[in-house]
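# Coordinates in review
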Amino acid sequence: MKKVLLAAWCIAVSLDCFGGGKLLRTPSVDVVPRPAEMTVSEKGVFTLKPSTKIVFASNDEALLNSARFFNSVISPSLGGELTVVCDGKKASKNIQVTLGTLQAEEYQLSVTSQGVQITAGSPAGVFYAFQTLRQMLPAAVFKGETASAIELPLVEIADKPHFAYRGAMLDVCRHFFTVDEVKTFIDILALHKMNRFHWHLTEDQGWRIEIKRYPELTRVGAFRDRCSLEPGAPLDAQPYGGFYTQDQIREIVKYAADRFITVIPEIEMPGHASAALAAYGFLGCKGEGYTVPDIWGVKEDVYCAGKESTFEFLENVLSEVVELFPSEYIHIGGDECPKARWKECPVCQQRMQQEQLKDELELQSYFVQRIEKFLNSKGKKLIGWDEILEGGLSKTASVMSWRGAAGGIEAAKSGNYVVMSPNSHCYLDYYQTQEVEKEPKAIGGFLPVERVYSFDPYEGLNAQQQAYIMGVQGNLWTEFISTLSHAEYMALPRLAALSEVGWSYDHRDYNEFKQRIKSLTGLYEALGYNYAKHMFE
Ligand SMILES: [Zn+2]
């Protein structure tokens, strides 16, 4: 590989000798999400050459990651990586990186004819500065065209995110995505300066995380028999499924952390638990006769809230989960839990009597609060879908609002922290056009890019209540999405629009976004991402 790169570099140099081989500055500087402040000089360039160095003041591994990332972007064009030095010495014509007294994700990027200066509040800010720099490269770099030098436009940028939480959820249960595919999804988040990956790991239709103490969860629960997730469609050719080993989980958590993305695992309870019940029948009220379902939808069989053995199981599972994920939050689902089984179950009813719970909603609240106490004992915080409000919510749990924004508004008003991901604006599995016959099958709905872009996570809240809105998240459920290419098509460019809601909340402009996103699609194409084109028609 090195020989090939060296050869490419020699060719590039020789081209330069013949008066060519320089990749000219991009005509327009289009950064997504939109920076808080940016001034572009129409004239002049900084010329990035193989001799340009990236200079840090220390050899902090988190900083070096940004250099590795930027080198991976430009080395195919320049025929080699820029030298990284960690002595902090100032010299012209370099990319000089310093940490200053800015907010953690904040950065300033100054490109003059004499060099590039990055100042950031933390290594995350440095990473975002390099992401911005990447979007300012000539399109030829994305295509891997070789050159002796790359021109950068002269800019002054001062940038920071509005919301601390900027996330996306991927459902790997209705359909399974490989480790490499999950990494690509994480790359897409990083490109848009998003910093949370919500990983939906357990469902009725599949349990996807190895738990050492309960091997049947993945031996049985990770696979469904010949089935189809669409009524009337042909059956799978063979049993369908898959799971991630704990080593693979660690690999993905590290991959995300290297890109300043926190992975939040979701272990669903008390509903959406059929795969776990199929593996260990004692977890359900009936105690036996469960299978991994062959169709989606809300299932009446859920974890028994009466038996102590259910809580023992979940605490053992979560004990392994908290060791794998450094995230301060663990998502426990909590959505769509029918109460039919609990109403018929003598053990559940006995629990309600003992705990003086007036109905099954309060039993669910008991369930969630008991799990929250356990997570707190492990130094973690609980977050769940907005149904966890039903029957009473603890003061300390956080809510992810999906059935519109109402649950999030209610939670923020009562002083609970909230992530807004309402299906009205954030459901990336919805159709992007009303001409659905021309589209790959989706779950329904209609959510064009412009509507995502228009989302106001603060709507209906006063200034004091707004402080409880941590941020926004796009959700990609995969009932009808079985390939990464299809997932990309659903996510892009709507995720780019959502990234501006999260990062550029108070300085957004949709018409301007429509122009800037065109440049970004050049990068999508070079990276091989499949994206929807409705907004350009
Ligand atoms: Zn029960």
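Residues numbered from 1 in each chain as written. Predicted model: local features only at pLDDT ≥ 70, side-chain atom pairs only at ≥ 80, totals over all residues.

### Some remarks on the overall build of the protein
Filter applied, for reference: Secondary structure elements follow DSSP: runs of H or I no shorter than four residues count as helices, runs of E no shorter than two count as strands, and numbering proceeds from the N terminus. The size measure is the radius of gyration over C-alpha atoms, and the globule rule it meets is 2.2 Å times the number of residues to the 0.38 power. Working definition of burial: number of other C-beta atoms within 10 Å of the residue's own, with buried at 20 or more, exposed at 12 or fewer, and partly exposed in between, all C-beta atoms being placed from the backbone. We call two residues in contact when their backbone-placed C-beta atoms lie within 7 Å.
Along the protein, the regular secondary structure elements total 18 helices and 20 strands. Scaling as 2.2 N^0.38, a compact globule of 537 residues should have a C-alpha radius of gyration of about 24 Å, and the protein matches this with 25 Å. Principal-axis analysis of the C-alpha atoms gives the protein an extent of 85 × 55 × 45 Å. Relative to its 537 residues, the protein shows a buried fraction of 48%. The contacts in the protein between residues at least 6 apart in sequence include a share of 71% that link residues at least 24 apart.

### Regarding the sheet that holds strand β9 (residues 165-171)
We apply this condition: By definition, two strands form a pair when at least two bridges between them are found by DSSP. To get an axis, fit a line to the C-alpha atoms, keeping to the stretch in contact for a helix; angles then go from 0 to 180 degrees between the N-to-C directions.
The strand order around the closed barrel built from eight strands is β9-β10-β15-β16-β17-β18-β19-β20, with neighbouring strands paired in parallel fashion. On average, adjacent strands in this sheet sit at an angle of 30° to one another, irrespective of strand direction. Sheet topology note: the strand β18 (residues 398-401)/strand β19 (residues 418-420) ladder contains three bridges and is parallel. Along β19, the bridge assignment pairs V399 with V418. Packing of helix α9 (residues 308-324) onto the sheet brings it into contact with β15 (262-269) and β16 (329-333), and relative to β15 it is tilted by some 170°.

### Side note on the environment of F446
Looking at the element boundaries, F446 is found in the loop between β19 and α14 (449-453). For the pair F446 and D429, spaced 17 residues apart in the sequence, the C-alpha separation amounts to 9.4 Å. Residues contacting F446, with those up to four places away along its chain left out, are Y430, Y431 and Q434.

### Observations concerning the domain arrangement of the protein
Selection criterion: The split of the chain into domains comes from an automatic or database domain assignment.
Along its sequence, the protein is carved into domain 1 (2-159) and domain 2 (165-536). Each of domain 1 and domain 2 was reduced to a C-alpha centroid, and the two centroids are 36 Å apart. Among the secondary structure elements, those contributing two or more residues to the side of domain 1 that touches domain 2 are α3 (123-135) and α4 (139-142). The biggest single contributor to the side of domain 1 that touches domain 2 is α3, with five residues.

### Notes on the environment of I481
Counting through the fold element by element, I481 comes out in the loop between β20 (469-476) and α16 (484-491). Those residues in contact with I481, other than ones at most four positions away along the chain, are H175, D429, H486, A487 and M490.

### Topic: the nonpolar core
Filter applied, for reference: The term nonpolar core refers to a set of buried Ala, Val, Leu, Ile, Met, Phe, Trp, Tyr and Cys residues connected through C-beta atoms within 7 Å.
Core analysis: the biggest nonpolar cluster contains 158 residues, and I118, V126, A129, I150, L189, V418 and L476 have the highest contact counts within it. Residue assignment places this core across two domains, with domain 1 (2-159) and domain 2 (165-536) each supplying three or more. Not counting the four nearest positions on each side in its chain, A129 is found in contact with Y107, L109, I118 and A120.

### Here we look at the packing of helix α2 (residues 61-78) against α3
Here is the rule: Angle categories: roughly parallel below 35 degrees, roughly antiparallel above 145, roughly perpendicular from 65 to 115, and oblique for all the rest. Basically, the charged four are Asp, Glu, Lys and Arg, the nonpolar ten are Ala, Val, Leu, Ile, Met, Phe, Trp, Tyr, Cys and Pro, and anything else, Gly included, counts as polar.
Axis separation between α2 and α3 bottoms out at 8 Å; the angle between their running directions is 10°. For the element pair α2 / α3, the angle class is roughly parallel. Between α2 and α3, the residues in contact are A62, L63, S66, F69, F70 and V73 and P123, V126, F127, F130, L133 and R134, respectively. When grouped by side-chain class, the residues that make up the contact of α2 with α3 number ten nonpolar, one polar and one charged.

### Here we look at the environment of M400
The residue M400 is located in strand β18 in this model. Look at M400 and you get buried, because 31 C-beta atoms sit within 10 Å. Placed 22 residues apart in sequence, M400 and K378 show a C-alpha to C-alpha distance of 21 Å. Setting aside residues no more than four positions away along its own chain, M400 makes contact with I383, G384, W385, D386, V419, S421 and Q473.

### Observations concerning unusual backbone geometry
In the segment running from M269 into P270, the intervening peptide bond is cis, with an omega of -10°. Relative to the helices and strands, P270 is located in the loop between β15 and α8 (274-279). P493 follows L492 through a cis peptide bond whose omega is 5°. The phi angle at Q356 is positive, at roughly 55°, despite the residue not being glycine. When you line up the elements, Q356 lands in the loop between α11 (346-354) and α12 (360-377). The exposure class of Q356 is exposed, given the 8 C-beta atoms found within 10 Å.

### Points about the confidence of the model for the protein
Note the threshold: Confidence of the predictor at the level of single residues is captured by pLDDT, which takes values from 0 to 100.
For the protein, the average pLDDT comes to 94, and 95% of its residues sit at 70 or higher. Note on residues 1-20: pLDDT is under 50 here. Beyond four places in sequence and across chains, it has 23 contacts.

### As for the packing of helix α5 (residues 179-191) against helix α7 (residues 246-257)
We apply this condition: In a left-handed crossing the near helix is turned counterclockwise from the far helix by less than a right angle, and in a right-handed crossing that turn is clockwise.
Interaxial distance between α5 and α7 falls to 10 Å at its minimum, and their mutual angle equals 20°. It follows from the interaxial angle that α5 and α7 lie roughly parallel. Crossing of α5 over α7 shows right-handed handedness. Counting all contacts with α5, which are made through V179, V182, K183 and I186, the residues of α7 involved are Q248, E251, I252, Y255 and A256. In terms of residue class, the contact of α5 with α7 is built from six nonpolar, one polar and two charged.

### Some points on the pairing of β15
With seven of eight residues buried, β15 is to be regarded as a mostly interior element. The pairing of β15 with β16 spans two bridges and is classified as parallel. Bridge pairing in β16 places E266 opposite H331.

### Re the pairing of β16
By the criterion of burial, β16 is predominantly enclosed, with five of the five residues buried. The alternating pattern of β16 places Y329, H331 and G333 and I330 and I332 on opposite faces, both of which are buried. Inspection of the sheet shows β16 paired to strand β17 (residues 381-385) by three bridges, in the parallel sense. Looking across to β17, one finds that H331 is bridged to I383.

### A few points about helix α13 (residues 406-413)
Three or more residues of α13 are buried, namely G407, G408, I409, A411 and A412. Of the surrounding secondary structure, the elements contacted by the buried residues of α13 are β18, β19, α15 (463-466) and β20. At the C-terminal side of α13, G415 shows a positive phi close to 85°.

### Describing helix α18 (residues 510-527)
Condition: A helix is expected to reach a length of 1.5 Å times the quantity of its residues less one. Bend is computed residue by residue as the angle between axes fitted to the seven residues ending at the residue and the seven residues starting at it.
Between its first and last C-alpha, α18 extends 24 Å over 18 residues, near the 26 Å set by a 1.5 Å rise per residue. By the largest-angle criterion, K518 marks the main kink of α18, which is about 30°. Considered for burial, the residues of α18 that qualify are F513, I517 and L520. In this fold, the buried residues of α18 make contact with α3, α14 and α17 (494-503). Positive backbone phi, at 80°, marks G528, one or two positions downstream of α18.

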